[in-house]
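These are the residues of each chain, in order.
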Amino acid sequence: MTRLSKLGTTLGAVAATAYGGSILLSPPLSSNNHGSQLSAFQQKIHDPAAVLPSRQVQQSSLIGSSSANPLDILVIGGGATGSGVALDAATRGLRVGLVEREDFSSGTSSRSTKLIHGGVRYLEKAVFKLDYGQLKLVFHALEERKQVIDNAPHLCNALPCMTPCFDWFEVVYYWMGLKMYDLVAGARLLHLSRYYSTRESVELFPTLATEGNGRSLRGTVVYYDGQMNDARLNVGLACTAALAGAAVLNHAEVVSLLKDSVGERIIGARIRDNLTGKEFDTYAKVIVNAAGPYCDSVRKMADKNVRDVICPSSGVHIILPDYYSPEGMGLIVPKTKDGRVVFMLPWLGRTVAGTTDSNTAITFLPEPHEDEIQFILDAISDYLNVKVRRSDVLSAWSGIRPLATDPSAKNTESISRDHVVFEEHPGLVTITGGKWTTYRSMAEDAVNAAIKAGKLTPAGGCVTNNLRILGGEGWDPASFTVLTQQYVRMKLTHGGKVVPGVMDTASAKHLSHAYGTLGERVAAIAQNENLGKRLAHGYPFLEAEVAYCARHEYCESAIDFIARRSRLAFLDTDAARRALPRVIQLLAAEHKWDKSRQKEELQKAKAFLETFKSSKNAQFYDGKHN
């Protein structure tokens with residue numbers, strides 16, 4: 001099994017061995033060719049007149065392939081890695097298709113920690129175990145962290161993270177460790193880390209406890225990592241890939257793989273459109289299996305006897321009100337009493353806290369266990385001067401991390417936090433493991449492997465290193481002022497009267513960050529189609545977003561909207577439930593749903609929200625959780 005990755009900015013041809021075969025990276029293009037190739041795709045993707053192909057057009061492109069005229073690459077899985085593979089391959093001039101059983105980012109990619117991190121813990125291991133491999137991981141992640149933030153500036157930002165120190169040894173230890181992190185980051189540094197006294201720390205983080213458990217706070221060390229809106233970044237990648245020429249199709253499930261006449265090579269897949277039930281065949285020279293936790297299921301379609309490579313791990317997160325953490329400052333405790341890492345970060349106007357790391361079964365809708373929620377609440381309560389209450393939990397969710405093992409290894413010590421790429425069956429390349437931060441380089445490695453496996457001839461090399469995703473080109477943090485000054489939120493009253501509403505700062509900032517430069521298109525719908533009402537009290541999501549996402553972001557169900565086009569289900573389960581009837585009404589108008597379909601959507605969405613264990617759908621007895 002091989003992991004192909006870059007260290008620093010080293011370029012060139014790299015060879016590695018994968019299951020007895022070799023995977024070779026393509027030689028680099030000349031800088032002139034590379035620049036013109038990048039420029040051409042930047043222009044195509046960010047053309048103001050560019051329109052995403054409809055879902056029907058995308059499906060027709062997949063159906064239109066044949067054994068005589070196959071796609072170059074068919075990607076299975078629409079998470080961060082799969083969408084990244086589709087974008088990378090399409091921008092190399094290859095014919096690409098992507099299918100996703102549910103929705104883009106419906107699995108692990110929407111249930112992350114929301115951090116784009118360089119891996120400060122890997123640095124600790126590298127130093128104390130003199131492990132060069134761990135150091136390479138840190139270099140690589142820091143490089144990719146900078147690229148993710150640069151390529152999606154509207155959806156990503158630098159976030160200061162505070163580490164509390166309760167004795168002077170901790171102050172020196174963490175300060176030196178984080179200064180080394182700064183040093184390793186070099187030119188990719190977001191901001192310098194620094195020490196704050198106890199008084200300064202409390203000014204920056206008012207809910208931070210200075211006394212407790214017989215110890216006193218000696219100060220804090222603050223360092224910077226990146227933060228993102230993960231699902232919207234994933235949707236942006238899929239839509240960017242579509243504009244670059246990839247045929248992307250959500251709610252399309254692979255039911256079997258197609259083999260050649262002698263059964264030696266995978267040549268395509270049988271696909272079912274889960275919205276209509278219709279099945280069709282799509283042919284491709286290479287299949288890239290990027291199905292995350294489900295990649296073993298895909299591998300077993302090729303050979304039912306293969307050994308599993310996925311070792312699933314559950315990560316639970318909870319959402320708390322904004323007053324738990326100040327805006328613009330996170331809290332990270334590197335080692336709790338039982339040795340785990342916990343954090344509490346501001347995110348989209350609320351506080352996200354986590355995380356757990358425990359063995360789990362693979363299931364499509366993982367649910368957080370009550371003891372995991374309680375562990376997080378107990379862990380953060382040791383560091384706060386406010387009462388931490390179960391009743392404050394607005395939403396809680398579980399995500400499955402697809403940790404990867406080497407199927408040829410004899411023990412489980414090969415479980416990796418890094419990614420693996422391999423072709424064990426001709427025509428089927430699998431990529432799995434890794435983390436959000438390195439999705440782009442994972443995709444690059446997978447496309448390189450696919451080119452080798454299918455003897456493909458791309459028009460150019462990889463350009464995603466500097467390719468801004470949809471909405472990112474020309475965006476800056478002050479872009480929201482244009483929306484505030486130039487648009488109003490027209491809305492219908494209960495009496496049917498149209499009244500103008502102010503495009504307030506909160507709504508304008510939300511549209512600007514969620515959609516980038518395309519926020520103006522959403523604001524125009526709010527103004528011109530009387531869709532300026534908010535969907536939920538206390539949240540900036542507008543009715544116009546439902547219409548926009550249905551038309552331009554392949555939003556095909558109520559769950560697609562409340563969970564991934566907006567993040568309402570993740571931020572506040574109860575608010576999402578209250579917004580559902582209006583969301584369904586708006587989607588019905590866009591997709592021409594009958595009453596039966598609307599009823600079905602409501603039932604499915606309510607069942608989906610039941611898996612988010614907020615205080616509203618947990619059971620209490622005498623004020624305590626039962």
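Please refer to the structure higher up on the page.
So, how was this worked out
- Residues numbered from 1 in each chain as written.
- Predicted model: local features only at pLDDT ≥ 70, side-chain atom pairs only at ≥ 80, totals over all residues.
- Heavy atoms only, no water.
- Helix = DSSP H or I, 4+ residues; strand = E, 2+ residues; numbered from the N terminus.
- Buried < 20%, exposed > 50% of the residue type's maximum accessible area, 1.4 Å probe, protein only.
- Contact = heavy atoms within 4.5 Å.
- Areas by Shrake-Rupley, 256 points an atom, 1.4 Å probe, with all protein chains shown as cover.
- Polar contact = N/O pair within 3.5 Å; in protein donor to acceptor, adjacent residues only side chain to side chain.
- Core = buried A, V, L, I, M, F, W, Y, C linked by side-chain atoms within 4.5 Å.
- Salt bridge = Lys/Arg side-chain N within 4 Å of Asp/Glu carboxyl O.
- Axes fitted to C-alpha atoms, helices over the stretch in contact; angles between N-to-C directions.
- Parallel < 35°, antiparallel > 145°, perpendicular 65-115°, else oblique.
- Left-handed = near helix turned anticlockwise from the far one by under 90°.
- Nonpolar A, V, L, I, M, F, W, Y, C, P; charged D, E, K, R; others polar.

Caption draft 1: Representation of the overall build of the protein in the model. Assigned secondary structure in the protein consists of 19 helices and 26 strands. Projected onto its principal axes, the C-alpha coordinates of the protein cover approximately 70 × 70 × 50 Å. Counting the 626 residues in the protein, one finds 57% classified as buried. Restricting to contacts in the protein with at least 6 residues of sequence separation, those with at least 24 account for 73%. Taken as a whole, the protein presents about 25,300 Å² of accessible surface, with 53% of it coming from carbon and sulfur.

Caption draft 2: Here's a closer look at the side chain of Gln598. As for its position among the elements, Gln598 is in helix H19 (residues 595-609). Within the structure, Gln598 has its side chain in polar contact with the backbone oxygen of Trp593 (distance 3.4 Å).

Caption draft 3: Structural context of the nonpolar core. Counting residues in hydrophobic clusters, the biggest one holds 132 residues, and the most contacted among them are Cys156 and Leu233. The contacts of Leu233, once residues within four sequence positions are left out, are Val148, Ala152, Leu155, Cys156, Met228, Trp436 and Ile469. Counting residues in hydrophobic clusters, the runner-up holds 28 residues, among them Tyr196, Phe205, Ile380 and Ala396.

Caption draft 4: Expanded view of the pattern of salt bridges. In this structure the tally under the stated criterion is 37 salt bridges. Asp281 is paired through a salt bridge with Arg270; the nearest N and O atoms lie 3.1 Å apart. Of this pair, Asp281 sits in strand S14 (residues 279-289) while Arg270 sits in strand S13 (residues 266-273), and the two are 11 residues apart along the sequence. Asp281 gets classed as partly exposed once you look at its relative accessible area, which sits at 24%. The exposure class assigned to Arg270 is partly exposed, which follows from its relative accessible area of 27%. In this structure, Arg577 and Asp574 form a salt bridge, with 3.3 Å as the shortest nitrogen-oxygen distance. Here the residue Arg577 and the residue Asp574 both occupy positions in helix H18 (residues 573-591), the gap between them amounting to three residues, near one helical turn. In the salt-bridge network here, residues are joined through shared partners; they are Glu253, Arg270, Arg272, Glu279 and Asp281.

Caption draft 5: Looking closely at the packing of helix H13 (residues 505-515) against helix H15 (residues 543-552). Two numbers describe how H13 lies on H15: the axes approach to 12 Å, and their chain directions differ by 15°. By the criterion of interaxial angle, the relationship of H13 to H15 is roughly parallel. Considering only the axes of H13 and H15, their crossing is right-handed. Counted together, His510, Leu511 and Tyr515 of H13 and Glu545, Tyr548 and Cys549 of H15 form the full contact between these two elements. Of the residues belonging to the contact of H13 with H15, the class tally is four nonpolar, one polar and one charged.

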